[in-house]
Amino acid sequence: MSKILKVSKLDGKLSMAHFIVAFVSVGLAGLFGLIQTLVRSELITLPSFINYYQLLTAHGVLMALIFTTFFIFGFLHAGMSRTTGELTRGNRRLAWIGFWLMTIGTVLAALMIVVGEATVLYTFYAPLQASPLFYIGLALLIVGTYFSGMSTIFQYNKWRKDHPGETSPLFAYMAVATVVLWFVATVGVVITVLFQFIPWSFGWVETINVSLSRTLFWYFGHPLVYFWLLPAYMVWYIMLPKILGTKIFSDSMARLAFILFILLSFPVGFHHQLLEPGINEGWKFIQVILTFAVIVPSLMTAFALFATFEMRGRALGSKGIFGWFKKLPWKDVRFVAPFIGMLAFIPGGAGGIINASNQMNQVIHNTIWVTGHFHLTVGTTVALTFIGVSYLIVPHIRGRVLTKRANSLGIYQSVLWAVGMLIMSGAMHFSGLLGNPRRTQVTSYGGHEVASGWGAYEVAMAVGGTILLISIILYIGLIIYLAFFAPKGVEEFPIGELAEQNLKLPAIMENWKVWIGIAIGLILFAYSIPIIDMIQNAPPGSPGFKFW
Amino acid sequence: MHIHKLEKVWLIIGTVTLIAFLTTIGLQAFTEEHKAPPSENEIIDPEKVLETAPFDDPGLKQVGENEYELVIVLQSYSFTPNKIEIPQGAEVKIIVTTADVVHGFEIAGTNVNMMVTPGYINTMTYTFDKPGSYLILCNEYCGIGHHLMSAELEVI
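Worth saying up front: this structure is predicted, and the values here are computed from it rather than measured. (Residues numbered from 1 in each chain as written. Chains lettered and ligands numbered in written order. Predicted model: local features only at pLDDT ≥ 70, side-chain atom pairs only at ≥ 80, totals over all residues. Heavy atoms only, no water.)

### Looking at the overall build of chain A
Okay, so step 1: Along chain A, the regular secondary structure elements total 16 helices and 0 strands.
Okay, so step 2: For a compact globule of 548 residues, the expected C-alpha radius of gyration is about 24 Å, and chain A comes in at 23 Å, within 12% of that figure.
Okay, so step 3: If one aligns the C-alpha atoms of chain A with their principal axes, the spans along those axes are about 60 × 50 × 45 Å.
Okay, so step 4: Looking at the 548 residues of chain A, the share that counts as buried comes to 65%.
Okay, so step 5: Residue pairs at least 24 apart in sequence account for 84% of intrachain contacts in chain A once pairs closer than 6 positions are excluded.
Okay, so step 6: In the form shown here, chain A has an accessible surface area of approximately 19600 Å², with 70% of it arising from carbon and sulfur atoms.
Okay, so step 7: Within chain A, one finds 34 positive and 20 negative side-chain charges whose respective centroids are separated by 11 Å. (Helix = DSSP H or I, 4+ residues; strand = E, 2+ residues; numbered from the N terminus. Rg over C-alpha atoms; globule rule 2.2 N^0.38 Å. Buried < 20%, exposed > 50% of the residue type's maximum accessible area, 1.4 Å probe, protein only. Contact = heavy atoms within 4.5 Å. Areas by Shrake-Rupley, 256 points an atom, 1.4 Å probe, with all protein chains shown as cover. Lys, Arg positive; Asp, Glu negative; His and termini not counted. Charge placed at Lys NZ, Arg CZ, Asp CG, Glu CD.)

### Focus: the packing of helix α7 (residues 251-264) of chain A against helix α9 (residues 296-315) of chain A
Residue and element names in this part refer to chain A.
Okay, so step 1: Running from amino to carboxyl end, α7 crosses α9 at an angle of 155°, the nearest separation of the two axes being 9 Å. As far as their axial angle goes, α9 and α7 are roughly antiparallel. In the crossing of α7 with α9, the sense of the turn from one axis to the other is left-handed. Where α7 approaches α9, its residues Met253, Leu256, Ala257, Leu260 and Phe261 are matched on the opposing element by Pro297, Ser298, Met300 and Thr301.
Okay, so step 2: Of the residues belonging to the contact of α7 with α9, the class tally is 7 nonpolar, 2 polar and no charged. (Axes fitted to C-alpha atoms, helices over the stretch in contact; angles between N-to-C directions. Parallel < 35°, antiparallel > 145°, perpendicular 65-115°, else oblique. Left-handed = near helix turned anticlockwise from the far one by under 90°. Nonpolar A, V, L, I, M, F, W, Y, C, P; charged D, E, K, R; others polar.)

### Quick word on the packing of aromatic side chains
Residues and elements named next belong to chain A.
Okay, so step 1: Applying the stated criterion to the full structure yields 58 aromatic pairs over all chains.
Okay, so step 2: Between Trp96 and Phe99, the ring centres sit 5.6 Å apart and the planes meet at 90°, which makes this aromatic pair edge-to-face. Highlighted residues: Trp96 and Phe99, both in helix α3 (residues 89-114), separated by 3 residues, approximately one helical turn.
Okay, so step 3: By relative accessible area, which is 4% here, Phe99 ends up buried.
Okay, so step 4: Aromatic ring contacts, followed pair by pair, group Phe73, Phe124, Tyr125, Phe134, Tyr135, Trp182, Phe197, Trp200, Phe217, Trp218, Phe220 and Phe227 into a single cluster.
Okay, so step 5: The lysine or arginine in question, Arg214, covers the ring of Tyr125, its NZ or CZ lying 4.4 Å from the ring centre.
Okay, so step 6: A cation sits over an aromatic face here: Arg255 above Tyr173, 4.6 Å from the ring centre. (Phe/Tyr/Trp six-rings, centres within 6.5 Å; stacked < 30°, edge-to-face > 60°. Lys NZ or Arg CZ within 6 Å of the ring centre and 35° of its normal.)

### Section: the pattern of salt bridges
Residues and elements named next belong to chain A.
Okay, so step 1: Throughout the structure, instances matching the rule amount to 17 salt bridges over all chains.
Okay, so step 2: Lys242 is paired through a salt bridge with Glu497; the nearest N and O atoms lie 3.4 Å apart. In this pair, Lys242 sits in helix α6 (residues 210-244) while Glu497 sits in the loop between α15 (455-485) and α16 (512-536), placing the two residues 255 residues apart along the sequence.
Okay, so step 3: Put simply, Arg255 and Glu510 hold a salt bridge, and the shortest N to O gap is 3.9 Å. Taken together, the residues Arg255 in helix α7 and Glu510 in the loop between α15 and α16 connect sequence positions 255 residues apart.
Okay, so step 4: Among the residues examined, Glu510 registers a relative accessible area of 8% and is labelled buried.
Okay, so step 5: Taken together, the salt bridges that share partners define one network made up of Arg160, Asp251, Arg255 and Glu510. (Salt bridge = Lys/Arg side-chain N within 4 Å of Asp/Glu carboxyl O.)

### Quick notes on unusual backbone geometry
Okay, so step 1: In this model, Ala126 of chain A is joined to Pro127 of chain A through a cis peptide bond whose omega is 5°.
Okay, so step 2: Inspection of the secondary structure puts Pro127 of chain A in the loop between α3 and α4 (132-162).
Okay, so step 3: The residue after Ala53 of chain B, namely Pro54 of chain B, is reached through a cis peptide bond having omega 0°.
Okay, so step 4: Relative to the helices and strands, Pro54 of chain B resides in the loop between α1 (5-31) and β1 (59-62).
Okay, so step 5: Not every positive phi belongs to a glycine, and Arg439 of chain A is a case in point at roughly 50°.

Following this line, the structure appears as structure tokens:
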């Protein structure tokens, strides 16, 4: 058992700084989200100085890029400090440099959105052309994460050097896997931003290869979702067993699942480009197959977690096939919030399989079904897991406790979130099947009869959005309470211990060079020929357009 | 590495199901006509779309007994042409490109859905069996008038 039980004071400060940016982002983005649903359902119209698509850009950037990235690095730094010991002075400095670069990048990008120089949505598809400062802001954000990620990797290396022959803490292992995934994934977006968008937006080159930029973006865009998901899986694998009062089901299978994510999450980006010209249908299908392969580690995760729950329930004396379900800690927000998130991943994952199913993608591509899909996966599964963790990690860092009352309010907040999302995401899914497009200010289309059937769903989205904003306000209130006003004390940072049946980890599992090597091999296999083709047989490039 | 017996069963069932799904969509995509996702490879100069055939003369053209070609140019925020009439039961090859940014070509309520990226021509073939008024819309953000970009297709 580890002797270090607390995140050190200095590391706590570091984490907290990340969380503050994350919480501010979620509050603002939540408000924007509600306004969007109200505009789409034509319940309100925006004043002339705000544009719908500007709000939509801000919502996407703040939720998908800022909230997630800051929360994740805050969480990783805290967990590394808790499981491998206080960060070394050098590693903490790297993490702080990372934090400031990320923050400066965020402020720069946000400023460009506010002044109307970057109404390009968070996917910033060329040839819509934002101000160069927007792309520089995004680049700084990513460069910042490289410092933060190096801090995690160096800290892990130091632990291994200090503990020769021992298996690394599961948290540190998974943190490194997450960082490795992020490093390999961001190569695509860094190349396109540095070598395509920035020179083009400054006017150093006149045109841009649009298909190449989209391909590089989605090479990054899909592993990005695993970058969000892996820290949630860390909470489920490592923290939930401890919260339940049991042990980790299988250490080696958990590590294997993470390795599989590193191998398989990259060569799959074409499933976002299935309906695009310029990519051969055979290569699309190869990436569809690889996309299906990356479902396997999620099946492993589902098994391990439900096995943990059932074993715990039975140890507590449950009877019958499903009796264990009643024995779970339904009054503990640290369990309930992530658990709801986990449940949302069942329809979320199934929807993802539909989206990636080659020609089946035609039914839902760019309809609001897709928006409904990722509000289930990242907006519920990942978000509720992070919310559940923040209820214990914030008081832990701040030397306070999660009181009974805050715990019950937290459960109330999580349930509100789930209900709001069920209504909003449900309406998005159903009307998406009818053709209702995503990313669209109003969908009346001059009263066309096909579009008239979508109105009721738009109103349902506004109802769901309202409930969600109430949930967010309650959440932020609770976080402020836990950070500044809750009674002083020690809140546990739960880290599960291994069950005895766990054997020693095969050494190859910690040989990162092997896994990164195979991952690069798969990337080269899935992308080389299509990308060479895209460059060699490229059409004349596109000049920039500023249609806002 | 130890794997629980039930976990093996679970993973085998899951993997077999995934393979069954893949086989089904793969067979349909590669053995039936017009079922694979639109993946046209033909290129065009995105700055000369309006001078390049067939986009210099967009619209519906009969090419066979019950076969048509429908050429459409997408631009922020319009489809050219934006009112189209098609005889019921006609098999129509829809040929599209963009003169500016990325657009999405969707006929709401059908499986006609394709990305229209600058520099490329994209196509899909669809048979209009049901009469009525269809809504064509742009489903990719293309600027602040994006929600105004639509056209009407009448099957008579």
